[in-house]
Amino acid sequence: MYEKILVPLDGSELAERAVRHAEEIARGTGAEVLLLQSVFIPMPIVPEAVLIAGGKAVEDTSRIAVEYLEKTAASMRAEGYRVRTMIDERPPADAILHAADREEVDAIVMSTHGRSGLSRLVMGSVAESVLHATRRPVMLVKPEPPPVVAEKDEDWYLHVP
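Quick caveat, the model's predicted, so the values are computed rather than measured.

Draft legend 1. Molecular detail of the overall build of the protein. Per the secondary structure count, the protein includes five helices and seven strands. Going through the 161 residues of the protein one by one, you find that 33% of them count as buried.

Written as structure tokens, this is what we have:
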């Protein structure tokens, strides 16, 4: 039985696709949905004046994240879902793992960019890090495949995936 579902968001349409899947689970189980956004900003070694400006960047990023999460939560609440929001200043994978443990969630529902090959090696994967570091069930929502194009020529059809 699911009582708490964690949905990490980053403001992208791709990440928001996970919300729909979490809503389906919550609809059937009555689970609470926890929306999380990491507001981690890596700070290089810099002079103090830049650090002060960096603090302002964290404040601005946090404010924007709170507004975004609350807007998403309000939409979900209007449909009858129980929703909480949270932000975390850790790097994304760490923030997700920490929130999952602290809140003792029953599942994590998150999007994945679906990268493979060299781009996966170079860019890494938050989803992969979470998947390998947690014992909790993780539902990975992949990007939508490109639309199928059908071309008709007399008596045959060509389907291009």
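Okay, back to it.
Draft legend 2. The arrangement of the confidence of the model for the protein in detail. Scored by pLDDT, the protein comes out at a mean of 83, with 73% of its residues at no less than 70. This stretch, residues 119–123, has a pLDDT under 50; its non-local contacts, to residues over four places away or in other chains, come to four contacts.

Draft legend 3. Looking closely at the pattern of salt bridges. All told, the structure shown has nine salt bridges when counted by the stated rule. Where arginine 136 meets aspartate 101, a salt bridge forms, and the shortest distance between an N and an O atom there is 3.3 Å. Of this pair, arginine 136 sits in the loop between α5 (126–133) and β5 (138–141) while aspartate 101 sits in helix α3 (residues 92–103); the two residues are 35 residues apart in sequence, bridging distant segments of the chain. A cluster of three or more residues bridged by salt bridges with shared partners is formed by Lys4, Glu32, Arg84, Arg102 and Glu103.

Draft legend 4. How the structure looks around the side chain of threonine 134. For threonine 134, the position within the fold is in the loop between α5 and β5. Judged by its relative accessible area of 15%, threonine 134 falls in the buried class. Beyond its immediate sequence surroundings of up to four residues, threonine 134 is in contact with Leu97 and Ile108.

Draft legend 5. Just the sheet that holds strand β1 (residues 4–8), in detail. Ordered by their spatial adjacency, five strands build an open sheet running β3-β2-β1-β4-β5, and the pairing between neighbours is parallel. Strand pairing shows two members of the sheet lacking a second neighbour, β3 (83–88) and β5, which therefore form its edges. Put simply, the sheet's adjacent strands are angled 20° from each other on average, direction ignored. Bridge analysis of β1 against strand β2 (residues 32–38) gives five bridges, and the strand direction is parallel. By the bridge assignment, lysine 4 is partnered in β2 with glutamate 32. Lying on the sheet, helix α1 (residues 13–29) is in contact with β1, β2, β4 (107–111) and β5; it crosses β4 at an angle near 145°.

Draft legend 6. Geometry of the nonpolar core. Of all hydrophobic cores here, the largest spans 20 residues; its most connected members are Ile5, Val7, Leu9, Val33, Leu35, Met76 and Val109. At the level of elements, β1, α1, β2 and α2 (48–78) are the ones that each hand at least two residues to this core. With six residues, α1 is the largest single contributor of residues to this core. Those residues in contact with leucine 9 that lie beyond four places of it in its chain are Ala15, Glu16, Val19, Leu35, Leu36, Gln37, Ser38, Tyr68, Leu69 and Thr72. Counting 15 residues, the second largest nonpolar core, distinct from the first, contains Leu6, Met86, Leu97 and Val130.

Draft legend 7. Fine view of the environment of leucine 34. Note that leucine 34 resides in strand β2. Taking relative accessible area as the criterion, leucine 34 reaches 0% and is therefore assigned buried. In this structure the C-alpha to C-alpha distance between leucine 34 and glutamate 103, which are 69 residues apart in sequence, comes to 9.0 Å. Leave out the neighbours within four places in its chain, and leucine 34 touches Lys4, Ile5, Leu6, Val7, Arg84, Met86, Glu103 and Val105.

Calculation rules
- Residues numbered from 1 in each chain as written.
- Predicted model: local features only at pLDDT ≥ 70, side-chain atom pairs only at ≥ 80, totals over all residues.
- Heavy atoms only, no water.
- Helix = DSSP H or I, 4+ residues; strand = E, 2+ residues; numbered from the N terminus.
- Buried < 20%, exposed > 50% of the residue type's maximum accessible area, 1.4 Å probe, protein only.
- pLDDT = per-residue confidence, 0-100.
- Contact = heavy atoms within 4.5 Å.
- Salt bridge = Lys/Arg side-chain N within 4 Å of Asp/Glu carboxyl O.
- Pairing = 2+ DSSP bridges.
- Axes fitted to C-alpha atoms, helices over the stretch in contact; angles between N-to-C directions.
- Core = buried A, V, L, I, M, F, W, Y, C linked by side-chain atoms within 4.5 Å.

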